[in-house]
Amino acid sequence: MEKLEMLYEGKAKKVYKTEDEKRYIVAYKDDATAFNGLKKGSIADKGIVNNKMSNLLFAMLEEKGVPTHFEKELNDRDTLVKAVKILPLEVIVRNVAAGSLSKRLGIEEGVQMKSTVLEFSYKNDELGDPMINDYHIEAMSLATKEQVEKVKEYAFKVNEVLKGFFMERGLKLIDFKLEFGIFEDKVILADEISPDTCRLWDAQTNKKMDKDRFRRDLGDVEKTYQEVLERINK
Ligand code: UDP
């Protein structure tokens, strides 16, 4: 399958049409942005790491009963996916306080939450992806009630599967962001799961093994992405 017209270029990926109207090709870039595009840079071979890691995780999630857009890895950076219509929601799942939750609620980074926290943001760069709840989603027709129920069910399932998977590889899953799409009237997991979209801390040392190394200028960014991929491939 070959790339035809580019449909969309995002911060970290490009999406192309293919000859099959039900399939797109996603091409992962090395570009990195943070703070809603304010900080820009590049992480060498990040596109390769994120492509491979996402595909491995999506294939595993699919086996565990979470439908995903993943079809076939075409090469280091390109993957064939189902052509979904993305729901304009960022679905954030949190096990441990960090990032914007810590800031907003005054809970120190690293504090274990007593139960899993699920948040929604409205996917809108101009507005800076503001946090919303189920009522906004319904009132703004961003998704139906049934779709929101599926999104929540899958998000919690993804969390359970990934927490165990990462823990076996010496990584704590602190939080992560998911995006879902509609394919043939069904909700399926789309976008990516990678160190760009997860917080992963080394289980022994709590070393940050994710995009916070770029956001916060912690150094060893490339090396850390490679190490995460190596641990995951085991
Ligand atoms: N996240 C993401 N894209 C976004 C916002 C957040 O992938 O546009 C991920 C982020 O990497 C982290 C989780 O979602 O794993 C929670 O992020 P948070 O709300 O703490 O925001 P941040 O501190 O990254 O601004």
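Remember, it's a predicted structure, so these values are computed and weren't measured experimentally.

Rules used throughout
- Residues numbered from 1 in each chain as written.
- Predicted model: local features only at pLDDT ≥ 70, side-chain atom pairs only at ≥ 80, totals over all residues.
- Heavy atoms only, no water.
- 1 Å grid on protein atoms, 1.4 Å probe; cavity = no way out; pocket = protein on both sides within 12 Å on 5 of 7 lines; lining within 4 Å.
- Points joined across faces, edges and corners; volume = space filled by probe spheres on them.
- Helix = DSSP H or I, 4+ residues; strand = E, 2+ residues; numbered from the N terminus.
- Phe/Tyr/Trp six-rings, centres within 6.5 Å; stacked < 30°, edge-to-face > 60°.
- Buried < 20%, exposed > 50% of the residue type's maximum accessible area, 1.4 Å probe, protein only.
- Pairing = 2+ DSSP bridges.
- Expected span 1.5 Å × (residues − 1).
- Near = heavy atom within 4 Å.
- Polar contact = N/O pair within 3.5 Å; in protein donor to acceptor, adjacent residues only side chain to side chain.
- Areas by Shrake-Rupley, 256 points an atom, 1.4 Å probe, with all protein chains shown as cover.
- Core = buried A, V, L, I, M, F, W, Y, C linked by side-chain atoms within 4.5 Å.
- Contact = heavy atoms within 4.5 Å.
- Salt bridge = Lys/Arg side-chain N within 4 Å of Asp/Glu carboxyl O.
- Axes fitted to C-alpha atoms, helices over the stretch in contact; angles between N-to-C directions.

S.K.: Honestly, empty space enclosed by the protein in this entry has me stumped. Any pointers?
M.R.: Over the atoms rolls a probe the size of a water molecule, and in doing so it shows where empty space is left. By the definition in use, this model includes one cavity of 30 Å³ or more. As a volume, the largest cavity reaches approximately 40 Å³. Taken together, Val-26, Tyr-28, Ser-54, Asn-55, Phe-58, His-69, Phe-70, Thr-79, Val-81 and Asp-191 form the lining of the largest cavity. If you tally residues by element for the lining of the largest cavity, the top one is helix α1 (residues 46–63), at three residues.

S.K.: Would you mind going over the packing of aromatic side chains with me for this structure?
M.R.: The description of an aromatic ring pair rests on the distance of the ring centres and on the angle between the ring planes. Under the counting rule described, the total for this entry stands at two aromatic pairs. With 6.5 Å between their ring centres and 25 degrees between their planes, Tyr-154 and Phe-180 make a pair best called stacked. Of this pair, Tyr-154 sits in helix α4 (residues 145–167) while Phe-180 sits in strand β12 (residues 171–183), and the two are 26 residues apart along the sequence. Taken individually, Tyr-154 and Phe-180 each receive the classification buried, so the pair is uniform in this respect.

S.K.: Just to check I follow, could you spell out the pairing of strand β10 (residues 112–122) for this structure?
M.R.: Within a regular strand, the side chains alternate between the two sheet faces. Pairing of strand β9 (residues 89–96) with β10, which is carried by seven bridges, proceeds in the antiparallel orientation. Among the inter-strand pairings, Val-96 is bridged to a residue of β10, identified as Gln-112. The pairing of β10 with strand β11 (residues 131–132) spans two bridges and is antiparallel. The partner of Phe-120 across the bridge, within β11, is Ile-132.

S.K.: Can you walk me through α1 in this structure?
M.R.: For α1, with 18 residues, the first-to-last C-alpha span of 26 Å sits near the 26 Å given by 1.5 Å per residue. Counting buried positions over the 18 residues of α1 gives 13, a clear majority of the element. Within two residues after α1, Gly-65 carries a phi angle of roughly 100 degrees, on the positive side.

S.K.: Please clarify how the site of the ligand should be interpreted in this entry.
M.R.: Residues in contact with the ligand amount to 15 residues; listed here are only the nearest, Arg-94, Ser-100, Asp-175, Arg-199 and Arg-215. For the ligand, an oxygen atom lies 3.2 Å from a polar atom in the side chain of Glu-90. The contact in question runs from an oxygen atom of the ligand to an N or O atom on the backbone of Thr-197, over 3.5 Å. When the ligand is considered free in solution it has 500 Å² of accessible area, and contact with the protein chains removes 77% of it.

S.K.: When you look at the nonpolar core in this model, what are you seeing that I'm missing?
M.R.: Looking at soluble globular proteins, one finds that nonpolar side chains tend to be buried together. Phe-166 and Ile-193 are the most contacted members of the largest nonpolar core, which totals 48 residues. Discounting residues that sit within four places of it in the chain, Ile-193 has contacts with Met-53, Ser-54, Leu-57, Phe-58, Leu-61, Val-158, Leu-162, Leu-178 and Cys-198.

S.K.: Would you explain the pattern of salt bridges in this entry?
M.R.: One pass over the full model with this rule turns up 37 salt bridges. Linking Lys-52 and Glu-73 is a salt bridge whose minimum nitrogen-to-oxygen distance equals 3.1 Å. Of this pair, Lys-52 sits in helix α1 while Glu-73 sits in strand β6 (residues 70–73); the two residues are 21 residues apart in sequence, bridging distant segments of the chain. On the basis of relative accessibility, which here comes to 25%, the residue Lys-52 falls in the partly exposed class. Counted as one network, the salt bridges with shared partners bring together Arg-94, Arg-104, Glu-109, Glu-119, Asp-175, Arg-199, Lys-208, Asp-212, Arg-215 and Arg-216.

S.K.: Where do I start with the sheet that holds strand β7 (residues 78–82) in this structure?
M.R.: The pairing of strands in a sheet comes from backbone hydrogen bonds and takes either a parallel or an antiparallel form. Taken in spatial order, the five strands of this open sheet run β1-β2-β3-β7-β6, and their pairing is antiparallel. In the strand order of this sheet, the two ends are held by β1 (6–9) and β6, each with one partner. Pairwise comparison of adjacent strand axes, ignoring direction, gives a mean angle of 25 degrees for this sheet. Across three bridges, β1 lies against strand β2 (residues 13–17) in antiparallel orientation. The residue bridging Met-6 from the neighbouring strand is Tyr-16, located in β2.

All we've got here are geometric facts, nothing functional implied.
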